[in-house]
Protein chains: 2
Amino acid sequence: MKTMEILKEDGLARLGIVRTAHGEVKTPVFMPVGTQGAVKAVTHKDLKEMGVQIILGNAYHLYLRPGDGLIKDFGGIHGFSGWDGAVLTDSGGYQVFSLGVLREIKEDGVVFQSHIDGSRHFLTPEKSIEIQENIGADICMCFDECAPYPSSFEYTKNSVELTSRWAKRCKDAKRIDGRLLFGIIQGGFYDTLRVKSARDLVSMDFDGYAVGGLSVGEPKRLMWDMVDAVKEYLPREKPRYLMGLGFPEDIVEGVSKGIDMFDCVIPTRHARNGSLFTWKGRINIKHARYTRDDEPLDNECGCYTCRNFTRAYLRHLFVSHELTGYYLNTLHNLFFYADMVNRMREAIREGRFEGFYEEFRTKQEGGELQDEYSVCNG
Amino acid sequence: MKTMEILKEDGLARLGIVRTAHGEVKTPVFMPVGTQGAVKAVTHKDLKEMGVQIILGNAYHLYLRPGDGLIKDFGGIHGFSGWDGAVLTDSGGYQVFSLGVLREIKEDGVVFQSHIDGSRHFLTPEKSIEIQENIGADICMCFDECAPYPSSFEYTKNSVELTSRWAKRCKDAKRIDGRLLFGIIQGGFYDTLRVKSARDLVSMDFDGYAVGGLSVGEPKRLMWDMVDAVKEYLPREKPRYLMGLGFPEDIVEGVSKGIDMFDCVIPTRHARNGSLFTWKGRINIKHARYTRDDEPLDNECGCYTCRNFTRAYLRHLFVSHELTGYYLNTLHNLFFYADMVNRMREAIREGRFEGFYEEFRTKQEGGELQDEYSVCNG
């Protein structure tokens, strides 16, 4: 059976199904980030109720704590955490380069220090796959080098070549059938390098292709140029995943360019900072204007938070640092993202994605906050 | 209709119903603390599902933030927070003496500074009742002086007399019918003063009587002596409330002495510190012994946490500082307390409270932790 089935195309936007060992994932899909085996502040039950089909775990974090060996002994992350939907794991590449105290990049792999206790570790493509298989990920990611922004052409070119060699080693290291392995396209902000990376990986025939190394502080225009540069090189019947993105308008933009999968800490992290997404744009619940606002956060939203509480109460909980506020905010933001991809799927199915896209962008501009730069990886 | 109906007595333990403007409260009852209009980390839905009938709010905190005037404009705490069960508010006395920077105790009231912004406020018995009525409490508490431990006989005697004069003023200040007002018995750790305080208040005919000023760092034996000293002076058909207590064994002990109502931050605060209650005693989930423990927290417990997760996973969430862990722990501890009072009510109804008491205490001694001193107010 094919990994991905395309049910409908509407412009470049695609409606599809990705088959995993823990269920079918309807795309476009947003994957909430559960770095350490839990999506921050909410429960598996909450995620199931809002229709979340797949969450992201993180090889780097879970390797360091509680350890992938322990997780394996509990039957993988599904047995350990109790989550019964699909799980995609990040390879650890991004975290080694952003969180760990980086010691040295070698041909063989990367020596780094733990951000928790400073202990030294050596992560290789083979080790990353072993960790991800121990975790029991339904979708594993290749171990890649995520070049910093900005990087020179020369540096980035070497990085792309290393990433391609590592991708090949990841493919060879994979042991477990029925689990998917995605390649990660790098290349910084050089379109020729992005194309080279895409061609290299596609020639290795992965189960899906991710665009990585974006949303690292660059102007958004530049980011979308890189997506545009590679999209024609990606095979139609394989899932396409834009890593670490983004704001609601970014997800909608990505879908309009044929991207199927997204993950980002934004809905959860922003919820904890009081930044909440609505169908009329983003609001910061801390703002004094909400002190006596007796409206729900978003009267177009059907989540528990919006069905039961006013903005005034949510603001009170937020300024009082109440944990319940973090929970209610997170519940709402994740519901908003789940609802958003759900509505996009409907729009594609009904051949009206362009209308959805225009209406969504127009409405979002009514919100309080706009961002020129995108830094949302985590 | 009477405020309280006694359905059954079993030894000194009582099965009863307290009637409030927001429903009947079956006693013995434990009231989770929702200091600022939310029980920390959980939602109203969670509380309802575990059978919580009444929660505690705090006049001092809600007066300072968001303000009792704002709450009144939203239809009281029920309209503002969306909680539709009963609410009891603390008068603010305890918090003024423990949290605020105390300026001066006068006959008329207390000048204090806010713990939030240092602003100066003057709280009187009349003002406290006004605040509690603005909040829309179903049960209001008299404004009292909570003497520190230890205090001299002379100091405590004056404090009791002041508390009695303030109680009278609270009763006179009450404006809204159908809301209950409880007197608070003070007297430090002098049984003669406790008796005097109880007699003073009973002569004023309140809707219920609380024992306050306990659990402030004293040996537990001394605390129970004070409860024993006053209990024969309390009218049978009025609710009895032991403020700020306590550990599960304290609640059971209190019920055995004829106490009907309890509140404490222990289940919520301890949950956030990883201290979890089970039918076999308390455990600290942080302990390394749980690293690979694949059992539920408590296999006698029917809460969401115990039905779905292992100790190993809960430990992982706790050591990783995951908000989801605080939520799952809080859910369990509150469920445990709700289940405990529920089982006590059944035992009293069936005339087997003494057996419950003995079995409970024996089992609890199997836990990891024991406390000689009780400091649990908040």
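Not measured: the values here are computed from a predicted model.

### Concerning the overall build of chain A
For chain A, the count of helices and strands is 15 helices and 18 strands. Computed over C-alpha atoms, the radius of gyration of chain A comes to 20 Å, within 12% of the 21 Å expected from 2.2 N^0.38 for 378 residues, which places it in the range of a compact globule. The dimensions of chain A, computed from C-alpha atoms along their principal axes, are 60 × 45 × 40 Å. For chain A, the residues scored as buried account for 57% of the 378 residues in total. Partitioning the intrachain contacts of chain A with sequence separation of at least 6 by distance along the chain shows that 69% fall at a separation of at least 24.

### So, the sheet that holds strand β12 (residues 208–211) of chain A
Residues and elements named next belong to chain A. One open sheet holds the 8 strands; their spatial order is β4-β15-β14-β12-β11-β10-β6-β5, and the pairing between them is parallel. Looking at the sheet topology across the chains shown, the edges are occupied by β4 (29–32) and β5 (54–58). Taking each pair of neighbouring strands and ignoring which way they run, the sheet shows an average axis angle of 25 degrees. The pairing of β4 with strand β15 (residues 261–264) spans 4 bridges and is classified as parallel. Counterpart to phenylalanine 30 in the pairing with β15 is phenylalanine 262. Sheet strands touched by helix α8 (residues 191–204): β11 (180–185) and β12. Its angle to β11, the strand with the most contacts, is close to 160 degrees.

### Quick notes on the sheet that holds strand β5 (residues 54–58) of chain B
All names here are of chain B. Pairing is parallel across the open sheet formed by 8 strands, whose spatial order is β4-β15-β14-β12-β11-β10-β6-β5. Two strands close off the open sheet at either side, each with one partner strand: β4 (29–32) and β5. For this sheet, the mean angle separating the axes of adjacent strands, direction not counted, is 25 degrees.

### Looking at the interface of chain A and chain B
Each side of the interface is counted separately: chain A has 31 residues, and chain B has 31 residues. When residues of the side of chain A that touches chain B are assigned to their parent elements, the largest contribution, 5 residues, is made by helix α14 (residues 323–349) of chain A. By residue class, the composition of the side of chain A that touches chain B is 16 nonpolar, 9 polar and 6 charged.

### Thoughts on the pairing of strand β1 (residues 4–10) of chain A
Residues and elements named next belong to chain A. In terms of strand pairing, β1 meets strand β2 (residues 13–20) through 6 bridges, oriented antiparallel. Following the sheet pairing, glutamate 9 is matched in β2 by arginine 14. Where β1 folds back on β2, the antiparallel hairpin that results is connected by 2 residues, among which glycine 11 adopts a positive phi of roughly 65 degrees.

### Observations concerning the relation of the copies chain A and chain B
Under the fitted operation, chain A is carried onto chain B by 0.0 Å of movement along the axis and a turn of 180 degrees, and the coordinates agree to an RMSD of 0.0 Å. Put plainly, the chains are arranged around a two-fold axis. Interface residue correspondence from chain A to chain B reaches 100%, placing this contact among same-surface, isologous pairings.

### Focus: the domain arrangement of chain A
Residues and elements named next belong to chain A. On domain assignment, one finds that chain A holds domain 1 (4–264) and domain 2 (271–361). For domain 1 and domain 2, the distance between their C-alpha centres works out to 27 Å. Listed as interface residues are 23 residues of domain 1 and, on the opposing side, 22 residues of domain 2. Only β1, β2, β4 and α10 (248–256) provide two or more residues apiece to the side of domain 1 that touches domain 2. A total of 6 residues in the side of domain 1 that touches domain 2 trace back to one element, the largest contributor, which is α10. Among the residues forming the side of domain 1 that touches domain 2, the class breakdown is 14 nonpolar, 3 polar and 6 charged.

### Notes on the environment of tyrosine 304 of chain A
Structurally, tyrosine 304 of chain A can be placed in helix α12 (residues 304–308). The sequence separation of tyrosine 304 of chain A and serine 159 of chain A amounts to 145 residues, and the corresponding C-alpha distance is 46 Å. Beyond its immediate sequence surroundings of up to four residues, tyrosine 304 of chain A is in contact with Leu331 of chain A together with Lys45 of chain B.

### Topic: helix α9 (residues 220–231) of chain B
Residue and element names in this part refer to chain B. Here α9 spans 17 Å end to end across 12 residues, near enough to the 16 Å set by a 1.5 Å rise per residue. Residues Met223, Met226, Val227, Ala229 and Val230 constitute the buried set of α9. Each buried residue of α9 lies within a common arc of 160 degrees when the element is viewed along its axis, so the set occupies one face. Facing away from the buried side of α9 by more than 90 degrees, the exposed set consists of Arg221 and Asp228.

### Let's talk about the packing of helix α13 (residues 311–319) of chain A against α14 of chain A
All names here are of chain A. Between α13 and α14, the least distance of the axes is 7 Å, while the angle of their chain directions is 130 degrees. Here α13 is positioned oblique relative to α14, judged by the angle of their axes. Crossing of α13 against α14: the hand is left-handed. In contact with Leu314, Leu317 and Phe318 of α13, α14 contributes Thr324, Gly325, Leu328 and Asn329.

### Here we look at the confidence of the model for chain A
Residues and elements named next belong to chain A. Scored by pLDDT, chain A has a mean of 95; 97% of the residues are at 70 or more. Across residues 372–378, confidence stays below pLDDT 50; counting only partners more than four residues off in sequence or on other chains, it has 26 contacts. Among the scores for the predicted complex, ipTM is 0.96 and pTM is 0.96.

### Examining the environment of asparagine 284 of chain B
Turning to its location among the elements, asparagine 284 of chain B is positioned in strand β17 (residues 281–284). Linking asparagine 284 of chain B and histidine 270 of chain B, residues 14 residues apart in sequence, is a C-alpha distance of 9.4 Å.

### Some thoughts on the environment of glycine 325 of chain A
All names here are of chain A. As for its placement among the helices and strands, glycine 325 is situated in helix α14. Residues glycine 325 and tyrosine 94, 231 residues apart in the sequence, show an inter-C-alpha distance of 30 Å. Residue contacts for glycine 325: discarding those within four places in its chain leaves Leu314, Leu317 and Phe318.

### What to know about unusual backbone geometry
Cis peptide bonds are those with omega within 30 degrees of zero, and the linkage from leucine 245 of chain A to glycine 246 of chain A qualifies with 0 degrees. Residue position: glycine 246 of chain A is located in the loop between β14 (240–242) and α10. In this model, histidine 321 of chain A sits at a positive phi of 55 degrees, which is unusual for a non-glycine residue. Residue aspartate 205 of chain B is not a glycine yet carries a positive backbone phi of 60 degrees.

Calculation notes
Residues numbered from 1 in each chain as written. Chains lettered and ligands numbered in written order. Predicted model: local features only at pLDDT ≥ 70, side-chain atom pairs only at ≥ 80, totals over all residues. Helix = DSSP H or I, 4+ residues; strand = E, 2+ residues; numbered from the N terminus. Rg over C-alpha atoms; globule rule 2.2 N^0.38 Å. Buried ≥ 20, exposed ≤ 12 C-beta atoms within 10 Å, placed from the backbone. Contact = placed C-beta atoms within 7 Å. Pairing = 2+ DSSP bridges. Axes fitted to C-alpha atoms, helices over the stretch in contact; angles between N-to-C directions. Nonpolar A, V, L, I, M, F, W, Y, C, P; charged D, E, K, R; others polar. Least-squares fit on C-alpha atoms with pLDDT ≥ 70 in both. Domains from an automatic or database assignment. Expected span 1.5 Å × (residues − 1). Arc of directions from axis to C-beta. Parallel < 35°, antiparallel > 145°, perpendicular 65-115°, else oblique. Left-handed = near helix turned anticlockwise from the far one by under 90°. pLDDT = per-residue confidence, 0-100.

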